[in-house]
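# Structural features, examined
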Amino acid sequence: MHETRKKIIYILSAIMLPIFSCMLLSCTEAEDNIEGNRETTVSIHITTNGITDLNATRVRGGEKAAAIENGEKGEFINTLCIFIVDAETGQIEMKISPDLTGTKAETGDLVDYTSGEMELRAGKKNVYAFANWDNTESAEWRAIINKETGDVITENDLSFSIDDPASKVDIAKGKYIPMSGKLEGIAIGDMNGKYFDNNLISVVLDRLVGKVMITVVGDGETDIDINRLLFLGTADNVTLFPKAVGDSWGEITFEKEKGIDSGSGVELSANRIASNSAGEEIATFYINESYRTKSSDNEISEKGYTLMLEMERNDNYDKYDGSRYVAMTMTQDVPRNYIFPIKLKLDSYDIELEIEAKTAPIDFTEEVNYYTDAEWHEDGDGYYMITLRDITSSFTITPKLIKNTNDVSEEVRDGVTWEWTCMDKELQCTPQEDGTLNVTGLTATPNYAYNFIVEVSWEMPMNELTVRHSRRYNVRVVLKEGNIQLR
């Protein structure tokens with residue numbers, strides 16, 4: 001009898017144990033699941049992302065370096081709008097449009113914002129934050145900002161591009177940098193949440209633009225005046241949020257002539273580069289987030305951005321008079337929120353010329369002489385002068401090389417183009433494909449001077465740039481009476 005009771009108890013225990021275990025497990029799982037009808041207290045913290053230097057170095061030294069990495073005055077929040085959305089339905093559960101009157105936001109200097117506590121239903125949420133959208137003139141963005149609690153934000157609502165936001169930024173006039181940020185799929189009510197601690201949800205705002213900072217270093221000899229700056233090849237629109245790698249970039253288009261022109265809105269912060277200057281920052285401006293490597297146009301995707309500087313005449317003489325520097329950057333992608341510092345050194349280059357001159361003495365036996373004494377003269381606009389005998393009947397100018405006056409080892413002989421212009425209309429000037437210039441029709445008058453302009457172009461690497469130099473030189477050939485030292 002007792003043995004039978006024992007067996008029954010054992011059997012019941014064996015049956016009840018897994019049942020009881022299942023009950024415990026079910027309770028544990030139920031506690032881990034988020035109950036949709038339960039509310040929890042949260043706060044939202046919004047902050048602007050730090051600016052990253054593409055070259056991974058501080059673009060300026062001293063005390064200002066850290067400030068630039070974190071953003072400068074006016075590069076932060078002016079207006080702000082936050083949406084907390086049910087991740088499943090897309091319904092807006094909370095809209096936060098804080099009144100920022102009397103704060104640093106009035107001058108675009110509010111770095112971060114923390115809301116007060118609010119009650120939300122537990123569950124998966126998406127948080128979208130936007131700042132400084134007004135000046136983009138985007139109807140799609142405005143439509144989102146106008147949504148209210150209870151409305152729905154769909155993925156399609158967020159899938160649009162903003163037309164050229166960089167061109168609309170003018171901090172001095174109160175037109176601040178547009179920003180966006182999002183955090184999706186966060187678990188509200190889960191105290192072990194991955195994205196926040198103590199129910200404080202943090203969302204980072206990214207500026208939709210990048211910033212280019214151009215510094216020019218002089219040649220150590222000559223003051224340089226810069227007349228015009230061009231920066232070409234940037235995207236003409238950006239998406240509301242950054243695209244993930246592998247997504248289509250069809251809506252990001254590039255135009256070869258699209259960019260920044262100092263003659264139309266971008267002011268040069270320094271026009272003159274002093275000869276003894278270690279570097280002058282001539283321009284800082286914003287460009288749209290641009291990914292040339294993701295362009296479908298092979299011609300574009302294999303190249304960087306084009307930077308062009310045009311020089312103007314100095315008060316005295318100027319070796320750079322009319323010169324043009326065209327640089328192609330090796331960097332192809334400028335993400336949003338990045339600084340792209342460019343340092344361009346304007347070295348002084350001399351040209352070496354040789355003249356083969358034919359003379360016609362009284363006996364009419366033609367004589368050929370060679371002259372290589374082209375000397376730089378600093379009066380007027382500056383020019384190279386070669387002196388010939390006054391009985392010269394014709395001559396040929398043959399360019400030899402381009403030489404860096406600051407680095408004698410840097411000579412350029414190949415890949416140089418020479419384009420000649422004769423300033424004296426009575427001359428017969430015949431340029432050749434190799435850069436030589438044949439000149440006839442001379443007037444045998446002592447001390448008579450013939451003037452020429454030669455545009456010289458060549459390409460060289462410089463730091464992260466491939467620089468296409470284009471320089472203009474004045475050349476003067478003088479017929480002088482008497483014996484001239486020949487080569």
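Residues numbered from 1 in each chain as written. Predicted model: local features only at pLDDT ≥ 70, side-chain atom pairs only at ≥ 80, totals over all residues. Heavy atoms only, no water.

### Some words on the overall build of the protein chain
To keep it simple, the criterion reads: Here a helix means four or more residues in a row that DSSP labels H or I, a strand means two or more in a row labelled E, and each is numbered from the N terminus. Burial classification: accessible surface area is computed with a 1.4 Å probe over protein chains only, and a residue below 20% of its type maximum counts as buried, one above 50% as exposed, and the rest as partly exposed. By definition in these notes, contact holds between two residues if any of their heavy atoms fall within 4.5 Å. We get accessible surface area from the Shrake-Rupley algorithm with a probe of 1.4 Å; when it comes to residues, only the shown protein chains can shield them.
Assigned secondary structure in the protein chain consists of four helices and 33 strands. Per-residue burial for the protein chain yields a buried fraction of 47% across its 487 residues. Here the contacts in the protein chain between residues at least 6 apart in sequence split such that 74% fall between residues at least 24 apart. For the protein chain, the exposed surface amounts to about 24700 Å²; the carbon and sulfur share of it is 47%.

### A few points about the side chain of His45
With respect to the element layout, His45 can be found in strand β1 (residues 39–48). If sequence neighbours within four positions are ignored, His45 has contacts with Asp112, Tyr113, Thr114, Leu200, Ile201, Ser202 and Val203.

### Section: the confidence of the model for the protein chain
Going by this rule: Every residue is assigned a pLDDT by the predictor, reflecting its confidence on a scale from 0 to 100.
Averaged over every residue, the pLDDT of the protein chain is 75; the share at 70 or more is 68%. Contacts for the low-pLDDT stretch residues 56–68, under 50 throughout, to residues beyond four places or in other chains number 20 contacts. Note that residues 191–198 has pLDDT below 50 and, in this model, seven contacts with residues that lie over four places away or in other chains.

### Some details on the state of the cysteines
Short version of the rule: Two cysteine sulfur atoms form a disulfide, by the criterion used here, when they sit within 2.5 Å.
Within the structure shown, the criterion is met by one disulfide. The disulfide partner of Cys422 is Cys429, and the S-S distance across this bridge is 1.9 Å. Classification of the bridge connecting Cys422 and Cys429 rests on its S-S torsion, roughly -120 degrees, and on that basis the disulfide is left-handed. Of the residues examined, Cys429 reaches a relative accessible area of 23% and is grouped as partly exposed.

### Structural notes on unusual backbone geometry
You will see that Asn132, though not glycine, has its phi angle at about 55 degrees, which is positive. One can find Asn132 in the loop between β7 (123–131) and α3 (139–145). Exposure remark for Asn132: the relative accessible area of 4% places this residue in the buried category. We note that Asn337 has phi near 75 degrees; this positive angle belongs to a residue other than glycine.

### Concerning the pairing of strand β27 (residues 392–404)
Our working rule: Paired strands are those between which DSSP finds at least two bridges.
Relative to β27, strand β23 (residues 349–359) runs antiparallel, the two sharing eleven bridges. Note that in β27 the partner of Leu353 across the bridge is Pro399. In this sheet, strand β31 (residues 437–440) lies alongside β27 in antiparallel orientation, the contact comprising four bridges. Bridge pairing in β31 links Phe395 to Val439. Sheet analysis places β27 next to strand β28 (residues 411–412), joined by two bridges and oriented antiparallel. Its bridge partner being in β28, Lys403 is matched across the sheet by Glu411.

### Here's the deal with the pairing of β31
Remark: a regular strand shows side chains that alternate across the two faces of the sheet. By the alternation rule, side chains of β31 split into Leu437 and Val439, which are all buried, and Asn438 and Thr440, of which none is buried. Strand direction decides the pairing type here: strand β30 (residues 428–431) and β31, joined by four bridges, are antiparallel. Looking at β31, one finds that Thr430 is bridged to Asn438. A loop of five residues connects β30 with β31, the two strands running antiparallel in sequence, and Gly435 in this loop sits at a positive phi of about 100 degrees.

### Considering the nonpolar core
The condition that has to hold: What makes a nonpolar core is a set of buried Ala, Val, Leu, Ile, Met, Phe, Trp, Tyr and Cys residues whose side-chain atoms join them at distances within 4.5 Å.
In this structure, Phe231, Leu309, Ile351, Phe395 and Phe452 are the most contacted members of the largest nonpolar core, which totals 56 residues. It is strand β32 (residues 448–462) that provides the largest number of residues to this core, a total of six residues. When neighbours within four sequence positions are excluded, Phe231 is seen to be in contact with Val212, Lys258, Gly259, Ile260, Phe285, Ile287, Tyr305, Thr306, Leu307, Phe340 and Ile342. Core analysis: the next-biggest nonpolar cluster, separate from the first, contains 24 residues, Leu80, Tyr113, Ala129 and Ile201 among them.

### Some points on the pattern of salt bridges
As a reminder, the rule being used: Any Lys or Arg side-chain nitrogen located within 4 Å of an Asp or Glu carboxyl oxygen qualifies as a salt bridge.
Considering all chains together, one arrives at eleven salt bridges under this definition. Lys73 is the salt-bridge partner of Asp109, the closest N and O atoms lying 3.1 Å from each other. Note that Asp109 is positioned in the loop between β4 (92–96) and β5 (112–114) and Lys73 in the loop between α2 (64–70) and β3 (80–86), a separation of 36 residues in sequence. Judged by its relative accessible area of 13%, Asp109 is buried. For Lys73, a relative accessible area of 65% puts it in the exposed group. A salt bridge links Lys125 to Glu93; its shortest N-O distance comes to 2.7 Å. Of this pair, Lys125 sits in strand β7 while Glu93 sits in strand β4; the two residues are 32 residues apart in sequence, bridging distant segments of the chain. Residues Lys125 and Glu93 agree in their burial class; the two are buried.

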